[in-house]
Amino acid sequence: MAEDTPRRDTTLETVVIVGAGHAGGRAALLLRRHGFAGRILMLGAEPALPYERPPLSKGFLKGTTSAADMSLRSAQDWAEAGIEHIGGCTVTRIDPESRRVTLADGRSFGFDHAICATGGRARPLALPGAEALLMLRDLADARALRSRLGSCRRLLVVGGGVIGLEVAATAAGCGCAVTVLEAGPRVMARVLPPEASAWLAGLHAGNGVQIRTGVTLERVLPRGTGIAAQTAEGVIEADLGLCAIGILPEPGLVSGARHGASHGLLTDEYCRVEGAGPHVYAIGDIAETPNPVLGRPLRLETWRNAETQAAAVARTLCGTATPACETPWMWTDQFGCNIQVVGVWEGRGERLWRGAPGAPGSVLFWHEGGRPLGAVLIDAGRERRFVEGLVAAGKPVRPEALADPAQRLKSLLPSAVPAA
Ligand SMILES: Cc1cc2nc3c(=O)[nH]c(=O)nc-3n(C[C@H](O)[C@H](O)[C@H](O)COP(=O)(O)OP(=O)(O)OC[C@H]3O[C@@H](n4cnc5c(N)ncnc54)[C@H](O)[C@@H]3O)c2cc1C
């Protein structure tokens, strides 16, 4: 697996990776690929070896993707790469001073470098009876949800964010009658501009999902073998309920670390944790890292951010200081439609559609004075890298050109050579 040669002898060094999820697993693999020759120890709360989570709310729930399909590598590959994994253990402290991590069971391990990749846990609802609602963050959650969905005719989803809507779409596709309760005025409001939320709500409605916005859940009561959800407007009965209201990162693990505005571990551009000296890094959903596109620290909960930050830290630890530069990007699949979001929706910017609103191939841009800040791509993945280029460049483009599907986005990039 070795590809590069580190600039120093790493044979006697130890990297401890706390959290054996997507980012942690990728960091371990890439450390080896870039030539790290020392000990790599992954400590994870889940029993499973590292795997990718996106199918949990999509193919795994439908039964078209297996746990093995989601694994980053097979058990044999990890062993062959000389990467140690201790599963089912909870780390309670990463101490930069003594360079030790401590586990809940009393064990402790020394490190030369530690990488905190603990993601976040599903945010619980602090309401009477809410423990009757399932959650979805890991394989065990997805297994529980999948087994209950089999006999579920009516599903209640609390939270109209990405995960809630993906589960709603998957369950509706399996014949469930689905109701989504969203406390805010629209769905996926943290990620999408209002026009895209409206289009997405329409997609769900067209597929039989009832989306009820501006509705606050008050309590959950047992009702027969199912639940009754009480809201100010009345009671909704369901066979099964899912709580999908976001995640809680837990940054308290790293002694002395500074926490950011979105409760992540603040890092520098190399993902080194602020306040924790030069040997502790944070990557993935837990990390709040300066974003060159937005010009401020950003905590991203996306597959690609986990990849980008793992790659940057692996290179840095192997001697090539590499900042984690990420133009924010995520995707979601709902009712066979692929929706990609480039940039971060911050509630500002003029919107314009390129193509018929919501049609396959259309793109909703938001921009300030022609400077593209972000975009939603609807079944338009082929345009993604050009949209990313436009957002990352931060240069004004004529809005009419952005809106005109006959004008290739590639030709609007600052580096594009004008056509002769
Ligand atoms: C259902 C679902 C669907 C998703 N779909 C998409 C998608 O379509 N597109 C997209 O871009 N992103 C998607 N994501 C987000 C993406 O999967 C995450 O951004 C990514 O997994 C983050 O990687 P991570 O390593 O930071 O966290 P994780 O992959 O969550 O790994 C963190 C690991 O750390 C462990 N851990 C936590 N605390 C401790 C501790 N104290 N001690 C030891 N171990 C600990 C956890 O158990 C976990 O195994 C989805 C996420 C979920 C849950």
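The text that follows walks through the structure, step by step, so that each part is easy to find. (Residues numbered from 1 in each chain as written. Predicted model: local features only at pLDDT ≥ 70, side-chain atom pairs only at ≥ 80, totals over all residues. Heavy atoms only, no water.)

1. Regarding the pairing of strand E5 (residues 100–103)
- Judged by which residues are buried, E5 turns out to be one-sided: Val101 and Leu103 face inward and are buried, whereas Arg100 and Thr102, on the alternate face, are not.
- Relative to E5, strand E4 (residues 91–95) runs antiparallel, the two sharing 4 bridges. Bridge pairing in E5 places Val91 opposite Leu103.
- Where E4 hands over to E5, the hairpin turn is made up of 4 residues, of which Arg99 adopts a positive phi near 50°.
- By the bridge criterion, 3 bridges tie E5 to strand E6 (residues 108–110) in an arrangement that is antiparallel. The residue of E6 that forms the bridge with Arg100 is Gly110. (Buried < 20%, exposed > 50% of the residue type's maximum accessible area, 1.4 Å probe, protein only. Helix = DSSP H or I, 4+ residues; strand = E, 2+ residues; numbered from the N terminus. Pairing = 2+ DSSP bridges.)

2. Observations concerning helix H8 (residues 303–317)
- For H8, spanning 15 residues, the distance from its first C-alpha to its last is 22 Å, which sits close to the expected 21 Å at 1.5 Å a residue.
- Among the 15 residues of H8, 12 are classified as buried, and the element is accordingly described as predominantly covered.
- Burial in H8 covers these residues: Arg304, Asn305, Ala306, Glu307, Thr308, Gln309, Ala310, Ala312, Val313, Ala314, Thr316 and Leu317.
- Phi turns positive, to about 110°, at Gly319, one or two residues after H8. (Expected span 1.5 Å × (residues − 1).)

3. Here's the deal with the nonpolar core
- Judged by nonpolar contacts, the single largest core of 46 residues is most densely connected at Leu145, Leu149, Leu155, Val178 and Leu200.
- When residues in this core are grouped by element, the largest group, 6 residues, is from helix H6 (residues 162–173).
- If we ignore the near neighbours within four places in the chain, the residues touching Leu149 are Leu61, Leu155, Ala171, Cys176 and Leu240.
- Within the second largest apolar cluster, 29 residues are counted, among which are Ala27, Ile115, Ile283 and Leu317. (Core = buried A, V, L, I, M, F, W, Y, C linked by side-chain atoms within 4.5 Å. Contact = heavy atoms within 4.5 Å.)

4. So, the packing of helix H1 (residues 22–33) against H8
- One can describe the packing of H1 onto H8 by two numbers: an axis separation of 8 Å at closest approach and a directional angle of 35°. The way H1 lies across H8 gives a crossing that is right-handed. Residues His22, Ala23, Arg26, Ala27, Leu30 and Leu31 of H1 form the contact with H8, whose own contacting residues are Trp303, Ala306, Glu307, Ala310, Ala311, Ala314 and Leu317.
- Tallied by class, the residues present in the contact of H1 with H8 amount to 10 nonpolar, 1 polar and 2 charged. (Axes fitted to C-alpha atoms, helices over the stretch in contact; angles between N-to-C directions. Left-handed = near helix turned anticlockwise from the far one by under 90°. Nonpolar A, V, L, I, M, F, W, Y, C, P; charged D, E, K, R; others polar.)

5. Topic: the site of the ligand
- As a matter of local geometry, the ligand sits amid 30 residues, with Glu46, Arg53, Lys58, Arg137 and Asp285 nearest to it.
- At 2.6 Å, a side-chain N or O of Lys58 approaches an oxygen atom of the ligand.
- Trp331 places a main-chain nitrogen or oxygen 3.0 Å from an oxygen atom of the ligand.
- Bound to the protein, the ligand loses 92% of the 1000 Å² it would expose on its own.
- Among the elements of the structure, H1, H6, H8 and strand E21 (329–334) are those that each provide at least two residues to the shell around the ligand.
- Residue composition of the shell around the ligand, grouped by class: 13 nonpolar, 10 polar and 7 charged. (Near = heavy atom within 4 Å. Polar contact = N/O pair within 3.5 Å; in protein donor to acceptor, adjacent residues only side chain to side chain. Areas by Shrake-Rupley, 256 points an atom, 1.4 Å probe, with all protein chains shown as cover.)

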